[in-house]
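For reference, the chains in residue letters:
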Amino acid sequence: MRDTHPLDIAGGLLLTAAAGYVDAVGFLRLDGLYTSFMSGNSTQFAVSLSQAGHPVAWEIGLLFVSFLAGGFCGSLVSLQVPGRWGPAAVLAVEAALLVVALSLALSPAQSPVAPLLAAAMGAQNAALRRSAGFRPGVTFVTGTLFSLSHTLAQAATRLGPALGWVPDACTWLALVGGAVAGGLAYRGYGLESLVAPAVGVGLVLALAVGRAVRVEAA
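These numbers come from a predicted model, not from an experiment. (Residues numbered from 1 in each chain as written. Predicted model: local features only at pLDDT ≥ 70, side-chain atom pairs only at ≥ 80, totals over all residues. Heavy atoms only, no water.)

Things to note about the side chain of Asp-23
For step 1, the next point in the chain: Mapped onto the elements of the fold, Asp-23 is located in helix α1 (residues 6-29).
For step 2, the next point in the chain: It turns out Asp-23 is buried and unbridged, and the closest side chain with the opposite charge, Arg-29, is 14 Å from it.
For step 3, the next point in the chain: With sequence-adjacent residues up to four places away left out, Asp-23 is seen in contact with Tyr-34, Thr-35, Ser-36 and Phe-37. (Helix = DSSP H or I, 4+ residues; strand = E, 2+ residues; numbered from the N terminus. Buried < 20%, exposed > 50% of the residue type's maximum accessible area, 1.4 Å probe, protein only. Lys, Arg positive; Asp, Glu negative; His and termini not counted. Salt bridge = Lys/Arg side-chain N within 4 Å of Asp/Glu carboxyl O. Contact = heavy atoms within 4.5 Å.)

This is how it looks when you write it as structure tokens:
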């Protein structure tokens, strides 16, 4: 992690917390479905297909399509805007999706916001690239938990850095902490609680823009 810029670490952990927050809101809103945890949705999709009438398969399918579309758009922007401005451009896409979702949530029409949240989470995965084995800002942590167990084993046997497990632990804690905050906020404020992740992503976007400007000016 030593080659990862401190702003990438801080911003990545904040994005991971935002992903946990959004996933918790989506989980409560959708009665057990996820807006970023597509592994869980995949299992539920398969179970739904095995039941008569496929009760929620179409709803999960819509989340898949939305997540893929967001990931595609985020990756496309990242590829078309390479270098220092790439992360900022992708974060702008994610922030726009969250703002639109929040606007729909607050409108009298009460339009569905879950597809927009899933698209935002798909885009987020393209925002920050892996650096020195540490990839901040992801919306999934199964691999992170295995990596944590592996780096703990390396530390215990002195075959790896004594603190090599810290980045993975921080990533997991960020997602869980964000999910706890999202669950509590949704129970208290409903979909208005989406203000928090929108502001968080906006803050990371501002940091990314500021860093890109400073690099250009140097």
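Description of a nonpolar patch on the surface
For step 1, the next point in the chain: Judged by side-chain polarity, Leu-145, Trp-172, Leu-173, Val-176, Val-180 and Leu-184 come together as a nonpolar surface patch covering roughly 530 Å² of accessible area.
For step 2, the next point in the chain: If one sorts the elements of the nonpolar patch by residue count, helix α7 (residues 166-189) sits on top with 5 residues.
For step 3, the next point in the chain: Relative to the helices and strands, Val-180 resides in helix α7. (Patch = residues over 30% accessible without salt bridge, like charges linked within 9 Å, V, L, I, M, F, W, Y side chains within 5 Å. Areas by Shrake-Rupley, 256 points an atom, 1.4 Å probe, with all protein chains shown as cover.)

Description of the environment of Ser-193
For step 1, the next point in the chain: By secondary structure assignment, the location of Ser-193 is in the loop between α7 and α8 (195-217).
For step 2, the next point in the chain: Since its relative accessible area comes to 4%, Ser-193 is described here as buried.
For step 3, the next point in the chain: Distance in space between the C-alpha atoms of Ser-193 and Thr-144 is 27 Å, their sequence separation being 49 residues.
For step 4, the next point in the chain: When neighbours within four sequence positions are excluded, Ser-193 is seen to be in contact with Tyr-21, Val-25, Ala-185 and Tyr-186.
For step 5, the next point in the chain: A distance of 2.6 Å separates the side chain of Ser-193 from the backbone oxygen of Gly-190, its partner in a polar contact. (Polar contact = N/O pair within 3.5 Å; in protein donor to acceptor, adjacent residues only side chain to side chain.)

As for the UniProt feature "transmembrane region" (unreviewed entry) in the chain
For step 1, the next point in the chain: Under the UniProt annotation, "transmembrane region" (unreviewed entry) lies at residues 56-77, 89-107, 169-189 and 195-213.
For step 2, the next point in the chain: For the annotated span residues 169-189, helix accounts for 100% and strand for 0% of the residues, and the straight-line distance between the end C-alpha atoms is 30 Å.
For step 3, the next point in the chain: The distance from the first to the last C-alpha atom of residues 195-213 is 27 Å, and the span holds 100% helix and 0% strand. (UniProt positions renumbered as here; feature names shortened; annotations may be inferred.)

A look at helix α3 (residues 57-80)
For step 1, the next point in the chain: With 24 residues, α3 extends 34 Å between its outermost C-alpha atoms, agreeing within 8% with the 34 Å of an ideal straight helix rising 1.5 Å per residue.
For step 2, the next point in the chain: Within the sequence span of α3, burial applies to Ala-57, Ile-60, Leu-63, Phe-64, Ser-66, Phe-67, Gly-70, Gly-71, Gly-74 and Ser-78.
For step 3, the next point in the chain: Buried residues along α3 sit in contact with α2 (38-49), α4 (86-106) and α5 (114-124). (Expected span 1.5 Å × (residues − 1).)

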